[in-house]
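In case you want the letters, here they are:
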Amino acid sequence: MLTSVKQQMTEIKFDSPTRSSAVFDIDLDGDEDLIVIDDHDIVFVYENVAGGRLAKPPIEILVDEGAQRIAYADFDGDGYPDMAIPNQDSDDMAILFNSKGGHFGGLFYLDVGQEPFAILAADLNKDKKTDLLVTQLYDNSVNVYSGDGYGDFTVEKVLPVGEAPFGLALADLDQNGYQDILTANFDSDDISVLMNAGDFLFHSEEVYPVGGNPYQVVSFDYNNDGFPDAAVTQFELDSLVILLNDSTGKFDQMLQFATGKAPLSIAVADFDNNGWEDLVVTNSAEDSLSFYLNNANY
């Protein structure tokens, strides 16, 4: 019987609204650290000094205008995670190199086209070097950048997708060993899937209409069959859509669940430790979260 509840909360206040955040171990001390971008294009780096206690004041790094999402991986092969941040209003991407002590001493910019927004880091061609994917809202495309393992990136592909690709995800949908690309296209009300054949060769997009101004897409295994499915927020319909993989890399079923008002982002985790992946959705118009606990009956 539950007799008492002890709540621990650390509150961090900012001078302006925050746009995005990421959690990863910047200094390789075994503790996850916190990175936050605010509305003034400042990147705040909070080091976890022990037991979840965040060092204050944080390290502050000013980047270009319209800084949006954060991708992190070891870009230059020194073993420490670096960061890449697309700047929507200045049409470039900030590359921040980790100076091994959890500080980011090198800041460089890469031109990436008009209105870059979502970003992911992954090894797309299995050469053991980190590559980057960036969506372009103006051009309705995904730019694929190959990494050389020393911190430099070259454009390999510009892949057309639907209109206003706010959401970006990776998953090996057909189990061929290569990560495929998914985008949630806000203005065209659909999902684009680009299958990866290896060596930066991608098939033309497959389009799945979902409606409701899809904002974010994530990959997760809804029915625990070993094949990645997809979950998508529908901003205008106040709902969540799950697309089921038919085990060939195609989506043949779509399920819909109610959310709160104006759902945006999705997080995936096994919250109740039952072996099934659960979801949590942020609802931007009512300051709430919607939880979806998965089980053997889906």
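Residues numbered from 1 in each chain as written. Predicted model: local features only at pLDDT ≥ 70, side-chain atom pairs only at ≥ 80, totals over all residues. Heavy atoms only, no water.

For the rest of this paragraph, the subject is the overall build of the protein. When helices and strands are tallied, the protein shows zero helices and 27 strands. Taking 19 Å as the expected radius of gyration for a compact globule of 298 residues, we find that the protein reaches 19 Å, a close match to that expectation. For the protein, the C-alpha atoms occupy an extent of roughly 60 × 50 × 30 Å along the three principal directions. Burial analysis of the protein (298 residues in total) assigns 50% to the buried set. Sequence-distant contacts, at least 24 apart, represent 36% of the contacts inside the protein between residues at least 6 apart. Surface summary for the protein: the accessible area is close to 14200 Å², and the carbon and sulfur share equals 48%. (Helix = DSSP H or I, 4+ residues; strand = E, 2+ residues; numbered from the N terminus. Rg over C-alpha atoms; globule rule 2.2 N^0.38 Å. Buried < 20%, exposed > 50% of the residue type's maximum accessible area, 1.4 Å probe, protein only. Contact = heavy atoms within 4.5 Å. Areas by Shrake-Rupley, 256 points an atom, 1.4 Å probe, with all protein chains shown as cover.)

Taken as a whole, this structure holds 13 aromatic pairs when the rule is applied. Relative to Tyr72, the ring of Phe24 lies with its centre 4.0 Å away and its plane at 10°, an arrangement referred to as stacked. With Phe24 in strand β1 (residues 18-24) and Tyr72 in strand β7 (residues 71-73), the pair connects residues that are 48 residues apart, well separated along the chain. On the basis of relative accessible area, Phe24 is assigned to the buried category, the value being 4%. On the basis of relative accessibility, which here comes to 38%, the residue Tyr72 falls in the partly exposed class. An angle of 85° between the planes, with centres 5.4 Å apart, marks the rings of Phe166 and Phe186 as edge-to-face. Taken together, the positions of Phe166 in strand β15 (residues 165-171) and Phe186 in the loop between β16 (180-185) and β17 (190-194) put the pair 20 residues apart, joining distant regions of the chain. (Phe/Tyr/Trp six-rings, centres within 6.5 Å; stacked < 30°, edge-to-face > 60°.)

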